[in-house]
Amino acid sequence: MAQLDSNSRLWDWAFVIGTALFVLAGWWLVAGVVLAGTHALPTPDALIGKLIEDGAGFYARHIGVTLWSGAQGYFWGNLLALGVAAMVLLVPELEGLATQIGVVSKCLPLVAIGPIILVVAGDRAPSIFLAGLSVFFTTLIGALLGLSAAKRPALDLVAAYGGGRWMQLRKVRLYSAIPALIGALQIAVPAGFLGAIVGEYLGGVDTGVGVALAIAQSQLEVERAWAFAILTGLIALAGYGLVDQVGRRLAPWNPAYASEGAS
Amino acid sequence: MAQNTTSPRLEQPGLHLSGLSRHFRLGRETITAISDVDLTTPRGSFTALIGPSGCGKSTILRILAGLEKPNAGTVEVHGQALRRGAGDGPRLGIAFQDAALLAWRSVFTNIRLPLEVAGLPVDPKRIGDLIRLVGLEGFESARPAQLSGGMRQRVSIARALAVEPEFLLLDEPFGALDDITRQRLNLELQRIWSARPMTTLMVTHGLQEAIVLADRVVVMSPRPGRILASIPVDLPRPRTLDLLRSPEFHALQDQLLEIMYSQSAVASGED
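Bear in mind that the values here come from a model prediction, so they are computed numbers and not experimental data.

Enquirer: Give a detailed account of the overall build of chain A, specifying residues and quantitative values.
Expert: On a plain count of helices and strands, chain A comes out with ten helices and zero strands. Each helix (α) and strand (β) of chain A, taken in turn from the N terminus, gives the series α-α-α-α-α-α-α-α-α-α. Counting every position in chain A, which comprises 263 residues, the buried fraction comes to 39%. Counted over contacts in chain A with a minimum sequence separation of 6, partners at least 24 positions apart contribute 73%. Of the roughly 14600 Å² of accessible surface on chain A, 72% is carried by carbon and sulfur atoms. The centroid of the 14 positive side-chain charges in chain A is displaced by 13 Å from the centroid of its 15 negative side-chain charges.

Enquirer: I'd like a description of the overall build of chain B, backed by residues and values.
Expert: From N to C terminus, chain B includes seven helices and ten strands. Computed over the C-alpha atoms, the radius of gyration of chain B is 19 Å, within 12% of the 18 Å expected from 2.2 N^0.38 for a compact globule of 271 residues. Seen along its three principal axes, the alpha-carbon backbone of chain B occupies a region of about 55 × 50 × 40 Å. In chain B, the proportion of contacts linking residues at least 24 apart, taken out of those at least 6 apart, comes to 70%.

Enquirer: Describe the pattern of salt bridges, naming the residues involved and giving the relevant values.
Expert: Residues and elements named next belong to chain A. In total, this model carries 21 salt bridges over all chains according to the counting rule given. Measuring nitrogen to oxygen at the nearest pair gives 3.5 Å for the salt bridge that ties K50 to E53. On the criterion of helical spacing, the pair formed by K50 and E53 is a turn pair, its members being three residues apart in helix 2 (residues 44-54). The exposure class of K50 is buried, given its relative accessible area of 8%. The exposure class of E53 is exposed, given its relative accessible area of 60%. Three or more residues are tied together by salt bridges with common partners; here these are K50, E53, D54, E221 and R224.

Enquirer: Which residues make up the interface of chain A and chain B, and what values do they have?
Expert: The interface of chain A with chain B comprises 17 residues on the first partner and 25 residues on the second. At the junction of chain A and chain B, the tally comes to two salt bridges. Between K171(A) and E116(B) there is a salt bridge, with the nearest N and O atoms lying 2.7 Å from each other. Taken together, the links from chain A to chain B amount to three residue pairs in polar contact (both at pLDDT 80 or more). When residues of the side of chain A that touches chain B are traced back to their parent elements, those giving at least two are helix 7 (152-160) and helix 8 (165-201) of chain A. With seven residues, the single largest contributor to the side of chain A that touches chain B is helix 7 of chain A. Taken together, the residues of the side of chain A that touches chain B break down into twelve nonpolar, three polar and two charged.

Enquirer: Got a sec to walk through the domain arrangement of chain A? Specific residues and values, please.
Expert: Bring the parts together and some accessible area is lost; that lost area is often taken as the interface size. Residues and elements named next belong to chain A. Per the domain assignment, the segments making up chain A are domain 1 (1-41) and domain 2 (42-262). Using C-alpha coordinates to define each centre, domain 1 is positioned 28 Å away from domain 2. Taken together, the eight residues of domain 1 in the interface contact eight residues of domain 2. Summed over both sides, the interface of domain 1 with domain 2 buries roughly 690 Å², with 75% coming from carbon and sulfur. Summed over the shared surface of domain 1 and domain 2, the result is zero salt bridges. Applying the counting rule to domain 1 against domain 2 returns one residue pair in polar contact (both at pLDDT 80 or more). A breakdown of the residues in the side of domain 1 that touches domain 2 according to their chemical character gives six nonpolar, two polar and no charged.

Enquirer: Break down the pairing of strand 10 (residues 227-232) of chain B for me, citing the residues and quoting the values.
Expert: Residue and element names in this part refer to chain B. Sheet topology note: the strand 9 (residues 216-220)/strand 10 ladder contains five bridges and is antiparallel. Residue V217 lies in a different strand from strand 10, and its bridge partner there is I231. Here strand 9 folds back onto strand 10, and the loop between the two strands holds six residues.

Enquirer: Describe the sheet that holds strand 9 of chain B, listing the residues and the values that go with them.
Expert: Residue and element names in this part refer to chain B. Strand order across the open sheet formed by six strands is 6-7-8-3-9-10, with mixed pairing between neighbours. Where the open sheet ends on each side, the last strands, each with one partner, are strand 6 (92-95) and strand 10. If you compare each strand with its neighbour and ignore which way they point, the axes differ by 15° on average. Where strand 6 meets strand 7 (residues 167-171), four bridges bridge the pair, whose relative direction is parallel. Its bridge partner being in strand 7, L92 is matched across the sheet by F167. Running at roughly 145° to strand 8 (residues 199-204), helix 1 (residues 57-64) makes contact with strand 3 (46-50), strand 6, strand 7, strand 8 and strand 9 of the sheet.

Enquirer: An account of the packing of helix 3 (residues 56-90) of chain A against helix 10 (residues 222-250) of chain A is needed here, citing residue identities and associated values.
Expert: Residues and elements named next belong to chain A. Direction vectors running N to C along helix 3 and helix 10 enclose 40°, while the axes themselves pass 11 Å from each other. One element, helix 3, and the other, helix 10, form an angle in the oblique class. Helix 10 is crossed by helix 3, and the crossing has right-handed handedness. Only R224, A227, F228, L231, I235 and V243 of helix 10 make contact with helix 3, whose side of the interface consists of F58, Y59, H62, I63, L67 and Y74. Of the residues belonging to the contact of helix 3 with helix 10, the class tally is ten nonpolar, one polar and one charged.

Enquirer: Tell me what's going on with the sheet that holds strand 1 (residues 13-26) of chain B, and back it up with residues and numbers.
Expert: Residues and elements named next belong to chain B. In space, the four strands of this open sheet follow the order 2-1-4-5, with antiparallel pairing throughout. Strands at the two margins of the open sheet, each flanked by one partner only, are strand 2 (29-42) and strand 5 (80-81). Along the sheet, helix 1 contacts strand 1, strand 2 and strand 4 (72-77); its crossing angle with strand 1, the most-contacted strand, is approximately 115°.

Enquirer: Give me the confidence of the model for chain B: which residues, what numbers.
Expert: All names here are of chain B. Across chain B, the average pLDDT comes to 87, with 90% of residues at 70 or higher. Segment residues 1-8 is flagged for pLDDT under 50; beyond a separation of four residues in sequence, or across chains, it makes five contacts in the model. As scored by the predictor, the complex reaches a pTM of 0.82 and an ipTM of 0.88.

Enquirer: Explain the nonpolar core to me, using residue names and the numbers behind them.
Expert: I60(B), L64(B), I94(B), I111(B), L169(B) and V217(B) are the most contacted members of the largest nonpolar core, which has 96 residues in total. Non-local contacts of I111(B), meaning those with residues more than four positions away in its chain, are made with I127(B), L130(B), I131(B), V155(B), A158(B), R159(B) and A162(B). Core analysis: the next-biggest nonpolar cluster, separate from the first, contains 14 residues, W27(A), A31(A), L41(A) and A236(A) among them.

Conventions used here
- Residues numbered from 1 in each chain as written.
- Chains lettered and ligands numbered in written order.
- Predicted model: local features only at pLDDT ≥ 70, side-chain atom pairs only at ≥ 80, totals over all residues.
- Heavy atoms only, no water.
- Helix = DSSP H or I, 4+ residues; strand = E, 2+ residues; numbered from the N terminus.
- Buried < 20%, exposed > 50% of the residue type's maximum accessible area, 1.4 Å probe, protein only.
- Contact = heavy atoms within 4.5 Å.
- Areas by Shrake-Rupley, 256 points an atom, 1.4 Å probe, with all protein chains shown as cover.
- Lys, Arg positive; Asp, Glu negative; His and termini not counted.
- Charge placed at Lys NZ, Arg CZ, Asp CG, Glu CD.
- Rg over C-alpha atoms; globule rule 2.2 N^0.38 Å.
- Salt bridge = Lys/Arg side-chain N within 4 Å of Asp/Glu carboxyl O.
- Polar contact = N/O pair within 3.5 Å; in protein donor to acceptor, adjacent residues only side chain to side chain.
- Nonpolar A, V, L, I, M, F, W, Y, C, P; charged D, E, K, R; others polar.
- Domains from an automatic or database assignment.
- Buried area = accessible area lost by both parts, 1.4 Å probe.
- Pairing = 2+ DSSP bridges.
- Axes fitted to C-alpha atoms, helices over the stretch in contact; angles between N-to-C directions.
- Parallel < 35°, antiparallel > 145°, perpendicular 65-115°, else oblique.
- Left-handed = near helix turned anticlockwise from the far one by under 90°.
- pLDDT = per-residue confidence, 0-100.
- Core = buried A, V, L, I, M, F, W, Y, C linked by side-chain atoms within 4.5 Å.

Structural data, given as structure tokens:
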């Protein structure tokens, strides 16, 4: 078993490295040959050169600010979504209304709401608000989906032993909700990060990924724009992975992890 | 609850269903699941309820479990009107075809669940005994996903026994298992039950396991479910796999098959 495990892990790594090399080669080909001279896409070496030239501090400063806004938005948006889900739990009749609130929140044009928040609260508020708005829908839908994920026989079992709705909730439905909820919280990470960046585009602040991107755009700093794009992508991926790890610690029984480890 | 020692256990009332009917509305149609079911079994006896799928046998079980209400008729268990939950009525233990184990709980805490729900005290030693009884020693902290189908059903049986039930409902408990595992678990169930006979109703569509386990086999008709026959099984216990080759077993099996086939012939003739 151990032998097999380490073997398959080796293959996993070989696959990851192979894919990375393939993507890198493709990137080089497209940037250096196909799009050569257009400035649309820098070659990997040009991009790394720009990273070194600007310095890690430059990127860390802007990304750090945006991450903090995104994290605050992630916190408040999720808290609100879980609060609404909890209300649906207590009053199931509210589920239709909650879903509508979620859909409306998803359909609000961010660029229209942002300026209003900017006028009212200013500073980082639009960034935090848009991050929160971006995670609210995914988490709310995930939580509502999770609350209806309990299997009928498990609920019947509790009922047969005299458990009412409250007991079914405590013993079965809350736990059954965890897999869908963790999935939603994972997807919410990149959504929240993106929301924070969009919020910075609206102005009122002088640091952050959104600001830096807007400046890079106006100065035709293609390499820098791409450097931000790739760094933020990697950070969003890392956040997604972090929530996944937390989820694995909290709920190792989650069937989503069943394909690994079992057998 | 009267422990009447003067009259033999089997003459006290066990299950008593009278005029039980249940129908469902499906769009404009009304589907009759069971119609005018009467059934009386002695206390401490094992009854197998057998019939084709969709004959309403699971409906009867769900009514007895308090999960559904009949449209007509009454149910008494041990001489008391059915009460949902742990209340004052005889204690119920139940196992479903789908083991319905909670994925986030260990074997131990899954078996403990009914005690938590019914608000009964948890004695870890007794749960340990139950785990030994169903042969899962060493798997106390395993999660359901780490168990085979047969082991999950063992947990399900142990869980049904956790409340020390006087009244046991089994809904095709081994229906999803392979033949060999099912036969083995049936013999184990017989051993467990014989050591502590409870008023038991098992729903199944397996003739063989019905005869091996039950004191009485009740045959139901296709929908709408009615009781066609109630045949006593006077074979000595403990029943073994050798029994399956005995003429008595085959005679009984033929008798039951005849009842079932005559009825399905009538049903298809009507169509």
